[in-house]
Amino acid sequence: MDNTSRQRIIISAFIICGLFFFSVVKLWQLQIIQGSEYKKISIENMIRIIRSPAPRGIIYDRNGIPLVKNTPYFCALLMPEHLEKIDISTLAQILSMDSDDINYIIDKSSLSPFEPIKIKERLTFKEVASLEARRSDFPGLVISTEMSREYLYGNVGAHVIGYLGKLNQQQANDPEYKEVPQDAFIGQWGAEHLFDKTLRGSAGEKIIEIDALGREIRLLQEKAPVKGEDLNLSIDINVQKSTEDAFEGKAGAMVAMKPDTGEILALVSRPSFDPNIFAKGISFKEWLALNQDKKVPMLNRALQSQYPPGSTFKIITAIAALSEKVITPETKVTCTGGIKYGSWEFGCWKKGGHGTISFHRAIVESCDVYFYEAGKRVGIDKIAEYAKKLGLGSPTGLPLVKERPGLIPDTKWKYENKKQPWYLGETFHSSIGQGYVAATPIQMAQLMSIVANGGYIYKPTILKMEKPPEQVPSIGISQKILELVKSALYGAVSEGGGTGGAAKSSLISVGGKTGTAQVVGIKKSSSSLPEKYRDHAWFVAFAPVEKPEIALCVFVEHGGHGGGAAAPIAKRAIESLYKENKIKK
Amino acid sequence: MQIDRRLIKNFDWVSFSIVLMLSIISIMTIFSTTRAVIPGEETSFYIRQIIWLIIGIAILFLIVSFDYIWLSRYAYPLYIIGILLLISVLIAGKVGMGAKRWLYLGFFSFQPSEFFRIIFVIFIARYFIGISENMGLYSLFSIFIIFVFIPLIMILKQPDLGTALMILIIFLSLSLIKGLQKKVVTFLLIVSIVSIPFIGNIVWDGLKDYQKNRLVAFIDPDIDPAGIGYHINQSKVAIGSGGFAGKGYMQGTQGPFRFLPEKHTDFIFAAFAEEWGFIGCFLLLLLYLAFILRGIDTAIKAKDEFGRLLAVGITFMFTVYIIINIGMTLGLMPVVGIPLPFMSYGGTALLSNFIAAGLLINVRTRRFELFY
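Residues numbered from 1 in each chain as written. Chains lettered and ligands numbered in written order. Predicted model: local features only at pLDDT ≥ 70, side-chain atom pairs only at ≥ 80, totals over all residues. Heavy atoms only, no water.

All names here are of chain A. Spatially, three strands are ordered β1-β8-β9 in an open sheet, and the strand pairing comes out antiparallel. The open sheet is flanked by β1 (47–52) and β9 (216–223), the only strands paired with a single partner. Averaged over all adjacent pairs, the angle separating strand axes in this sheet is 25°, with direction ignored. Examined bridge by bridge, β1 and strand β8 (residues 204–210) share six bridges and lie antiparallel to one another. If you follow Ile47 over to β8, its bridge partner there is Glu209. Contacting β1 and β8, helix α2 (residues 35–46) crosses the sheet at an angle of about 45° to β1. (Pairing = 2+ DSSP bridges. Helix = DSSP H or I, 4+ residues; strand = E, 2+ residues; numbered from the N terminus. Axes fitted to C-alpha atoms, helices over the stretch in contact; angles between N-to-C directions. Contact = heavy atoms within 4.5 Å.)

The next point concerns the sheet that holds strand β18 (residues 536–543) of chain A. All names here are of chain A. Judged by pairing direction, the sheet is antiparallel, and its five strands sit side by side in the order β12-β11-β19-β18-β17 without closing on themselves. Each of the sheet's edge strands pairs with one partner strand only, and the pair in question is β12 (264–270) and β17 (511–517). Direction aside, neighbouring strands of the sheet carry axes that sit 5° apart on average. The sheet contacts of helix α21 (residues 479–494) involve β17 and β18, and relative to β17 the element is tilted by about 75°.

Turning our eyes to something else, we now look at the pairing of β12(A). All names here are of chain A. With respect to burial, β12 is a largely interior element, seven of its seven residues being buried. As judged from the six bridges shared by strand β11 (residues 252–257) and β12, these two strands associate in the antiparallel manner. If you follow Met254 over to β12, its bridge partner there is Val268. Linking β11 to β12, which pair antiparallel, is a turn of six residues; within it Gly262 sits at a positive phi near 90°. (Buried < 20%, exposed > 50% of the residue type's maximum accessible area, 1.4 Å probe, protein only.)

Right, let's get into the pattern of salt bridges. On inspection of all chains with the given rule, the structure shows 34 salt bridges over all chains. Between A:Glu192 and A:Arg56 there is a salt bridge whose closest N-O contact spans 3.0 Å. Taken together, the residues A:Glu192 in helix α8 (residues 190–194) and A:Arg56 in the loop between β1 and β2 (59–60) connect sequence positions 136 residues apart. For the pair formed by A:Glu192 and A:Arg56, the shared burial category is buried. When the shortest N-O distance is used, the salt bridge between B:Glu114 and B:Arg117 registers 2.5 Å. One end of the pair, B:Glu114, and the other, B:Arg117, are both in helix α5 (residues 112–129), three residues apart, so they sit about a helical turn from each other. (Salt bridge = Lys/Arg side-chain N within 4 Å of Asp/Glu carboxyl O.)

A few words on the environment of A:Gln443. Residue and element names in this part refer to chain A. The residue Gln443 is located in helix α20 (residues 441–453) in this model. Remark: the alpha-carbon pair of Gln443 and Val255, spanning 188 residues in sequence, is separated by 9.1 Å. In this structure, Gln443 is in contact with Gly391, Leu392, Gly393, Ser394, Pro395, Thr396, Arg404, Pro405, Gly406 and Ala438, ignoring residues within four places of it in sequence. A distance of 3.0 Å separates a polar atom in the side chain of Gln443 from the backbone nitrogen of Thr440. (Polar contact = N/O pair within 3.5 Å; in protein donor to acceptor, adjacent residues only side chain to side chain.)

Take the packing of helix α16 (residues 368–378) of chain A against helix α19 (residues 424–431) of chain A next. All names here are of chain A. The interhelical angle for the contact between α16 and α19, taken along N-to-C directions, is 125°, at an axis separation of 8 Å. When the interaxial angle is binned, α16 and α19 end up oblique. Read as a crossing pair, α16 and α19 show a hand that is right-handed. The segment α16 lies against α19, with Phe371, Tyr372, Gly375 and Lys376 engaging Leu424, Thr427, Phe428 and Ser431. (Parallel < 35°, antiparallel > 145°, perpendicular 65-115°, else oblique. Left-handed = near helix turned anticlockwise from the far one by under 90°.)

For the rest of this paragraph, the subject is the nonpolar core. For soluble globular proteins, the rule of thumb is that nonpolar side chains tend to be buried together. Core analysis: the biggest nonpolar cluster contains 116 residues, and A:Phe20, B:Phe120, B:Phe128, B:Phe171 and B:Leu310 have the highest contact counts within it. Once you skip the residues sitting within four places of it in the chain, B:Phe120 turns out to touch B:Tyr79, B:Phe147, B:Val148, B:Ile167, B:Ile170 and B:Phe171. In terms of nonpolar packing, the next biggest core, distinct from the first, is built from 97 residues, A:Val68, A:Ile316, A:Cys348 and A:Cys367 among them. (Core = buried A, V, L, I, M, F, W, Y, C linked by side-chain atoms within 4.5 Å.)

With that out of the way, let us pick up the interface of chain A and chain B. With 38 residues of chain A in contact, the opposing surface of chain B contributes 48 residues. For the pair chain A and chain B, the summed buried area comes to about 3700 Å², and 73% of that belongs to carbon and sulfur atoms. The tally of links between chain A and chain B comes to zero salt bridges. Applying the counting rule to chain A against chain B returns seven residue pairs in polar contact (both at pLDDT 80 or more). Breaking the side of chain A that touches chain B down by element, the ones donating at least two residues are α1 (3–33), α2, β8 and β9 of chain A. Ranked by residues supplied to the side of chain A that touches chain B, first place goes to α1(A) with 20 residues. (Buried area = accessible area lost by both parts, 1.4 Å probe.)

With that settled, consider a nonpolar patch on the surface. All names here are of chain B. On the surface, a nonpolar cluster with roughly 540 Å² of combined accessible area is contributed by Phe141, Ile145, Ile146, Phe149, Ile153 and Leu156. The topology assignment puts Phe141 in helix α6 (residues 137–157). Looking at Phe141, the relative accessible area reads 54%, which means it is exposed. (Patch = residues over 30% accessible without salt bridge, like charges linked within 9 Å, V, L, I, M, F, W, Y side chains within 5 Å. Areas by Shrake-Rupley, 256 points an atom, 1.4 Å probe, with all protein chains shown as cover.)

By the secondary structure assignment, A:Thr516 is in strand β17. The exposure class assigned to A:Thr516 is buried, which follows from its relative accessible area of 14%.

This part is about the environment of A:Ser430. Residue and element names in this part refer to chain A. In this structure, Ser430 sits in helix α19. For Ser430, a relative accessible area of 1% corresponds to the buried category. In this structure the C-alpha to C-alpha distance between Ser430 and Pro309, which are 121 residues apart in sequence, comes to 9.8 Å. Contacts of Ser430, omitting those with residues within four sequence positions, involve Phe313, Ile380, Pro409, Trp422 and Val437.

Okay, helix α5 (residues 125–133) of chain A next. All names here are of chain A. The complete set of buried residues in α5 reads Glu127, Val128 and Leu131. Buried residues of α5, viewed axially, fall in a sector of 100°; they line one side. In α5, the exposed positions angled more than 90 degrees off the buried face are occupied by Phe125, Lys126 and Ala133. Elements that come into contact with the buried residues of α5 comprise β3 (68–78), α3 (88–94), β4 (117–120) and β5 (141–151). (Arc of directions from axis to C-beta.)

A separate point is helix α7 (residues 161–178) of chain B. If you check α7(B), its first and last C-alpha atoms are 26 Å apart, about what 18 residues at 1.5 Å a residue would give, namely 26 Å. Buried residues of α7(B): B:Gly162, B:Thr163, B:Ala164, B:Met166, B:Ile167, B:Ile170, B:Phe171, B:Ser173, B:Leu174, B:Ser175, B:Ile177 and B:Lys178, and no others. Each element contacted by the buried residues of α7(B) is listed here: α1 of chain A together with α5, α6 and α12 (305–329) of chain B. At the C-terminal side of α7(B), B:Gly179 shows a positive phi close to 120°. (Expected span 1.5 Å × (residues − 1).)

Looking now at unusual backbone geometry. Working note: non-glycine residues mostly have negative phi, and peptide bonds are mostly trans. All names here are of chain A. Along the chain, Arg270 connects to Pro271 via a cis peptide bond; the corresponding omega equals -5°. As for its placement among the helices and strands, Pro271 is situated in the loop between β12 and α11 (276–279). Note that the residue after Ala543, namely Pro544, is joined by a cis bond; omega there is -20°. Looking at the secondary structure, you find Pro544 in the loop between β18 and β19 (550–556).

Read these as geometric descriptors, not functional statements.
This is the structure in structure tokens:
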């Protein structure tokens, strides 16, 4: 063999060795330098985490009556790998959907080729049957079962029980919800929201190994879902329901509490909404309709409506004046239908006047002039001090919605906010709960509860208490004074000439006080005005007078006089508690 | 039949052992990578490969048993048979995966272009003996037009880009070994550099869409990660995730779980790399390199020019297959769809590789025969 040919062959051998060396270098790069990175990818390649939501805990009322239930429903899902073989228009026809909508859903969810796409929720039985009958036409179609929440009492108690909705963007980023499957419904309102963590339990998790076609190869790890804990609300659904029925056609709120615990027996805010439409996945149109409704059904009036409490406030003026000893039960004031102060006149609601009247009858008949005098004697700052002691002017702390604080004015407040001194005329107004004074229905219910229980503030709660709460410190008002007030309130309902007569019950002794919040300044018979100019009606009450088990506040928007509009609702609420089921401790 | 004892003594046991080891590694890898991961999904690829292997070994010994010189006498008729086979594929070929590459013969189908590459090596080796060294441009060009261009076009027409490329590379490298005039080499270099843009365009336009995709995906696999880029990405994932020592035999997932396409054919190296890691790959590459260097040594020691050109041609053919296939799985070269010799699943390829290896061993075994 000649040398040049041999040389050429040997050179080629070196070139080949060089090429092999090159491959080894590349192997080194992939396997040694980037090895762990690729290992991670290869594991992620074939691991899927499938979350299954846990059945939600059931919400019961205080007597163990279920308020919600979990109902299974059917969903139609498509496996993306079979999409090409599916006749979308036929599927659309069966599901009574638009082909374009289905295509839109598919396009939108094409993020992962292995995740089933949810085409429709809440299939009817007819739809399920038609799909099952034609199963071979739809390869990759999965009919799955999911749980939905059914609110057994519809819109009754909706503001307390709340509703479910899908995770919103903000919640999706919240670590609190990181365990929640993306598609799951969580509590968005009321108790469902407040106690969501307890109710939702923990989602099940399946880690499976899959192949490139998305087929399950083996189950690596499985955690069964843990059903959420049940919840016992303090609500009595019978009281709630009969009160809401009594509100029929009216707007307003009612809060009833157990004076000795702070448990809320009923919390009404009307108009209301049906939480079932949320549980189904509310449409944008429905949501808009709810939010733009002029009657504001999404407003929780019990915590978010603040108005002058009118004559119900006289309870506070009375307590302040008696405690400060500027009046005694025997103090008499002569009412001639109003008083004159400078050039202003402050009238009593009773044009002819009440004549000479003592404390008890002043409450019973709600004499304005008596309380002008009492207010004048005790002074606005003392009234404000007692009002605040009795829970007004600041939120009660029930976390259902963002609660409004109400307003209790005093000289300092006036100076800071209006840059003016306080005038005596304003004390007159405030003494009978008009002017700047504002309170929410729940504050007034709490006030009534404090009076009824002998001077203790229990924080309102919507949870049923397993054991009686620890005795809270007294707000320090003499029992004698409270007894005087209670007895007068009983008189207001039971005695002749009492303004709260409409709340009088043959079943049980009731004490209460009416109130009217003026909407417009003109003094005119309320019933002759168009509804939106009519006064708001208040009524606070407790029962039985001897050993109160319920304290409540009714507020009717544009209801006119408290005695006429609100007292009958209070009566109905109290009676329902004793008629349907004797209150359980 | 009397077997010459010197034949047994001089038989190239080294090359044969390497080929056998590669084939056993192949069957193990095919078994692992096509194993059922979902119950009821049985595969029998490895059994068929074992059958092909037994036939292959038998053919190898058959090839070694006669003197290769005999082939030089029949090189031209063989070439004509080869061309006829290629024509018959174009006329009566079976279409599979968009290409017309297979001839269906009742009980089995085979791919004539796989055999043609060997016939081609024999033919060129034979033809070059009669040519004086240092070919001029004219003779190189006329050989190309007459003997290379026609089969090239026919193979491209199937289309079988991999084999066509192979034919071209074998022709050019054998020409270089045989000897070209310096000015021809210079001319070829200049022409190829200058014409790359023009030829590039013509070649690009002549490619099928999937071939274009492969080239695009080679340059940037992320352009089409779900399509052809997926092959390259998943291949890199399989190789890379093997790490230093591999996931262990039968522990690989990219192949059996179908993330790695063509895991038992063109991408078997990636499947092997996942289970055996850098160590395994390095040893496998060493085996291949040893086989190639043995082939080159055979060429150097060959007793005549035909033997030498035959050995060089076959060795280069193996080299090109190995380098391109492994380069492709490593993402160093575009996906052209050529199998890894002795490793990839497939009967025709295995048989033709055993024939080629047989010829190589034949040349080595008879390197002393001149002296008796």
